[in-house]
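Structural characterization, general
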Amino acid sequence: MTPLRWGVLGATAHIASRVLPAIHATPGNAVVAVASRAGRRAAAERVARPFGARVRDGYDALLADPDVDAVYLALPNTLHVPWTLRALDAGKHVLVEKPMALSEEDCVRIERAAADLVVMEAYMYRFHPQQARAAELLASGEIGELRVVRSAFAYPTPAEGGIRFDPALGGGATWDVGCYAFDVPLWAFDTVPRAVRARFHSREVDLGAVATLDFGDGRWAVLDYSLEYGPRAAYEFQGSRGSISVRNAWTRPDEEGRITVVTLDGVRDEVVPASDAYADQTAAFAEAVREKVTPLVSLAHSARTARVGEALVRSAATGAEVDLRRRP
C-alpha cells in the first residue's frame, strides 16, 4: 500500500501530540512534514524528529510540498477556515480539528471548495469501537423510540496563557468541549433541532453552559459543558423502553469502553475492547481518501453542527430561545 503522506499545520499544539503518533502508527500512513511559524522552528524540529519528518518554514511552504498528500490542521479555531481553504486550493486532503468552522456559512464555503478532495472534521470519538457499538444498539430498537439525549462534556482547564480563553482565536467552552456535547444528539436524532436555548457562564469567553435542544414531538437533548469542572465525557440515550449509557466517550488508548443498557428486562453492562480513537480516525480518513467515499463525519454533518453552535451562542447572548426553522 502506498502510504498516505501527511503534513501538519500546528504541530506544536497539544492535540497534535496525540494525533501525530496515531498517524505514524497507523498502517498506510506517514508523517512526512511539519510546518513551523516564526520563532517556533526548534519546537517543530523536536516534534518532527520521532517521525523522520522534515520541517518547512511556514505553512505555505508545507502546502507547496508535492510530497504531502493530506494535511492535519491543529491551528487555533479562527484559523481553521482560511487554512483549510488554502490547503484545498493546494490540492491537499484535510483533516481539520473541531470546530471546522464557527459558522454554517463557512462550512458551506469549505464544501464548495473541496471538489473531489476529502475534508473531515476531527471528532475522534466517532470512530472508536465503543461509539460504533452505542450507535448499533440505538439502531437496533432495543430501547424503543429515542426520546431524550443527555450529554455532558467538561474538563477543568487552566486559563493562564491558553488559546481556549482568547476570544480573538475563537476560544470558549462552546467551541472547545461544547461542540462534542451537541454533536451527540445531532447524529443520534440525525436532524437539526427545531429550537435551542442556552445559558452561559462567561467572562472574556464562555466558560460553561447548560442547554436544551428541541427536536419536536417530545424529543429533547439536555446538555452541559464546561472548562471549569470535570472531567466528564458521558452521554445517555433515553428511549421509550429503556436507556443506553456511555460512561466515558473519551477513552484512553489503553482503557476499555463500558456501555450500560437498561430495559424492563433488566440491566446489562457491555465491555468494548480498548482502542486508540485517533488511530481509528486516521484509518477511516485514509480509507475515505483511497476509496473516494464520504467519511463518517461528512461536510453536511459539520455544517449542521456549526449551525447549532451558532444558535446556542445567539440564545445565550439574547436570553431567548432560537428557532432554527427560521433563518436569522
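Now for a look at the structure at hand.

Take the overall build of the chain next. When helices and strands are tallied, the chain shows 9 helices and 15 strands. Computed over the C-alpha atoms, the radius of gyration of the chain is 20 Å, within 12% of the 20 Å expected from 2.2 N^0.38 for a compact globule of 328 residues. Seen through its C-alpha atoms, the chain measures out along the principal axes to roughly 60 × 45 × 40 Å. The buried share of the chain, reckoned over its 328 residues, is 55%. If you take every contact in the chain between residues at least 6 apart in sequence, the share linking residues at least 24 apart comes to 68%. Total accessible area on the chain is roughly 14600 Å²; 50% of this is exposed by carbon and sulfur atoms.

Moving on, we get to the packing of aromatic side chains. All chains considered together, the criterion is met by 11 aromatic pairs. When the centroid spacing of 5.2 Å and the interplanar angle of 45° are considered together, the rings of W6 and F285 count as tilted. Of this pair, W6 sits in strand β1 (residues 4-9) while F285 sits in helix α8 (residues 277-291), placing them 279 residues apart in sequence. On the accessibility criterion, W6 (0% relative accessible area) is buried. For F285, a relative accessible area of 0% gives the class buried. Taken together, a centroid distance of 5.2 Å and an interplanar angle of 45° make the contact between Y235 and F237 tilted. The exposure classification of Y235 matches that of F237, with both residues buried.

Among the residues of helix α1 (residues 16-25), those classed as buried are A16, V19, L20, A22 and I23. Here the buried residues of α1 occupy an arc of 165° about the axis, which is enough to place them on one side. Buried residues along α1 sit against β1, β2 (29-36), α2 (41-48), β4 (70-73), β5 (93-97) and α8.

By the definition in use, this model includes 24 salt bridges. Where R41 meets E45, a salt bridge forms, and the shortest distance between an N and an O atom there is 3.0 Å. Highlighted residues: R41 and E45, both in helix α2, separated by 4 residues, approximately one helical turn. Overall, the relative accessible area of 33% leaves R41 in the partly exposed class. Among the ionic pairs, D106 bridges to R109, the shortest N-O distance being 2.9 Å. Here the residue D106 and the residue R109 both occupy positions in helix α5 (residues 104-114), the gap between them amounting to 3 residues, near one helical turn.

On to the nonpolar core, then. Counting residues in each nonpolar core, the largest one holds 79 residues, and the members touching the most others are Y72, Y235 and F237. Of all the elements, helix α7 (residues 174-189) adds the most residues to this core, at 10 residues. Here Y235 is in contact with Y125, Q131, A134, R150, S151, F153, V184, W187, I244, S245, V246 and A249, once residues within four sequence places are set aside.

Let us now look at empty space enclosed by the protein. Tallied over the full model, the rule gives 1 cavity of 30 Å³ or more. Put simply, the largest cavity is a space of about 30 Å³. Around the largest cavity, the lining residues are P99, M100, A101, C107, E121, Y123, W175, S302, T305 and A306. With 3 residues, the single largest contributor to the lining of the largest cavity is helix α9 (residues 299-318).

Moving on, we get to the sheet that holds strand β10 (residues 219-226). Neighbouring strands of a sheet are bound in pairs by backbone hydrogen bonds; such pairs are parallel or else antiparallel. Strand order in the open sheet made by the 9 strands is β14-β13-β12-β11-β7-β10-β9-β8-β15, with mixed pairing throughout. Across the chains shown, the open sheet's two edge strands, defined by having one partner strand only, are β14 (266-272) and β15 (322-323). As judged from the 5 bridges shared by strand β12 (residues 242-246) and strand β13 (residues 257-263), these two strands associate in the antiparallel manner. Bridging across to β13, S243 finds its partner in V262. In the packing of α7 onto the sheet, the strands contacted are β7 (146-154), β8 (195-202), β9 (206-216), β10 and β11 (232-239), and the crossing angle to β7 comes to about 160°. Contacts between α9 and the sheet are confined to β8, β9, β10 and β15, with β8 contributing the most and set at about 60° to the helix.

Bringing the sheet that holds β1 into the picture now. Sheet architecture is open: 6 strands sit in the order β3-β2-β1-β4-β5-β6, paired in parallel fashion. In this open sheet, the two strands that pair with only one neighbour each are β3 (54-57) and β6 (119-122). Ignoring strand direction, the axes of neighbouring strands in this sheet form an average angle of 25°. Most of the contacts of α8 go to β1, to which it runs at about 120°, and overall it touches β1, β2, β4, β5 and β6.

The rules behind the values
- Residues numbered from 1 in each chain as written.
- Predicted model: local features only at pLDDT ≥ 70, side-chain atom pairs only at ≥ 80, totals over all residues.
- Heavy atoms only, no water.
- Helix = DSSP H or I, 4+ residues; strand = E, 2+ residues; numbered from the N terminus.
- Rg over C-alpha atoms; globule rule 2.2 N^0.38 Å.
- Buried < 20%, exposed > 50% of the residue type's maximum accessible area, 1.4 Å probe, protein only.
- Contact = heavy atoms within 4.5 Å.
- Areas by Shrake-Rupley, 256 points an atom, 1.4 Å probe, with all protein chains shown as cover.
- Phe/Tyr/Trp six-rings, centres within 6.5 Å; stacked < 30°, edge-to-face > 60°.
- Arc of directions from axis to C-beta.
- Salt bridge = Lys/Arg side-chain N within 4 Å of Asp/Glu carboxyl O.
- Core = buried A, V, L, I, M, F, W, Y, C linked by side-chain atoms within 4.5 Å.
- 1 Å grid on protein atoms, 1.4 Å probe; cavity = no way out; pocket = protein on both sides within 12 Å on 5 of 7 lines; lining within 4 Å.
- Points joined across faces, edges and corners; volume = space filled by probe spheres on them.
- Pairing = 2+ DSSP bridges.
- Axes fitted to C-alpha atoms, helices over the stretch in contact; angles between N-to-C directions.

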